[in-house]
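# Coordinate inspection notes
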Amino acid sequence: EYPMTKVRWGLLSTANINKRLIPAIRASARGELVAVASRRQSSADAYAAEWDIPRAFGSYGAMLNSGEVDAVYIGLPNHLHADWTVRALEHGVHVLCEKPFALTLADVDRMADAARDNGRVLAEAFMYRHHPQTKAAGEWVRAGRLGRVSLFRGTFSFTLTDPRNVRLIPEWGGGSLWDIGVYPLSFAQYVMGGPPEWVFGDQRRGGAGVDVAFSGTLHYADGGMAQISSAFDVPWYTHVDVLGERGRLELNRPFTGLVAGERRLTFVDAHDNVEEIPVEEQELYSGEVEDMHDAILDGRPPYLGLDETRHHVRTVLALYESARRGERVYVEEIS
């Protein structure tokens, strides 16, 4: 058997997010997009024709059974992530699973167990974590250039107008925190070096019963704090500030592709001197794809490990529990 030199990718669903992954896979020297699966053959055929994908499968299971794919990208609605991830892993297929990874800790553990038991790579698709802007911010913090970091602030919002959108279905893991609040939450965890000790959450619910706006405070054992917010009912906005004793870092477009103007990473010192830190621009989704190739072909551990992913889900669950109770919740309480 020849060593694998290219990862054959399949898209498990025809989700809208695929259009960000397709160019990233195609731009990589070590991957090729070979298949797409849908729940109906007709929609798989139409999608394959539109995107010039060689193989179209009329069910997810048929693609996993085919032996024609080495890895799949799962961009299904949130409540389906766990089951299809486990099924893919049990078929010997590596998985890049869209965030949020799962909606319960039991599911996270089931997915991690399946990856270990089948010797396959499993990673959560937080594309922004692989971008040079994010990594540079992390390096500044780790190198102590901000001094002690006492406050992280991150926000992500956009206007969601379609009442039938899957993000508004409670049983499907809808809500702004699960959908976009997880970005600043995961960034806070990255900068602060781990999960918070306790959280306090507040939400505004919409007609369907999901949070259309969420605001959370995360308290860390060393006294550091993070404030995160997400919303579906205000215009598009995303921003991150990391405040330390020697100054602050500002990231202007931390979670999204470029629409207008450059992506910037700015340091403002204690005397209000501004330093623009150069950021190498790369396609936002290419990093997570290349990281999967490194893990699958070279045996390197994924950059975003499953322990960190488990903390993401656990912290979200703690925030929702806090919002429900109207009191602080210790993350350790969540099991």
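Preceding block: the structure.
All of the points below concern the structure found in this document. (Residues numbered from 1 in each chain as written. Predicted model: local features only at pLDDT ≥ 70, side-chain atom pairs only at ≥ 80, totals over all residues. Heavy atoms only, no water.)

### As for the environment of Gly207
- Mapped onto the elements of the fold, Gly207 is located in the loop between strand S8 (198-205) and strand S9 (211-219).
- Relative accessible area serves as the criterion here: at 93%, Gly207 is assigned to the exposed category.
- Sequence separation between Gly207 and Gly194 is 13 residues, and the spatial gap between their C-alpha atoms is 34 Å. (Helix = DSSP H or I, 4+ residues; strand = E, 2+ residues; numbered from the N terminus. Buried < 20%, exposed > 50% of the residue type's maximum accessible area, 1.4 Å probe, protein only.)

### Focus: the side chain of Thr309
- Note on placement: Thr309 falls in helix H9 (residues 306-325).
- Overall, the relative accessible area of 0% leaves Thr309 in the buried class.
- Side-chain polar atoms of Thr309 contact the side chain of Glu124, separated by 2.7 Å. (Polar contact = N/O pair within 3.5 Å; in protein donor to acceptor, adjacent residues only side chain to side chain.)

### Here's the deal with unusual backbone geometry
- Residue Pro100 is bonded to the preceding Lys99 through a cis peptide linkage, with omega at -15°.
- Mapping Pro100 onto the fold places it in the loop between strand S5 (94-98) and helix H5 (105-118).
- The backbone of Ser13 sits at a positive phi, close to 120°, despite the residue not being glycine.
- Its identity as a non-glycine residue notwithstanding, Asp272 has a phi of 70°, on the positive side.
- Relative to the assigned elements, Asp272 resides in the loop between strand S13 (265-269) and strand S14 (274-277).

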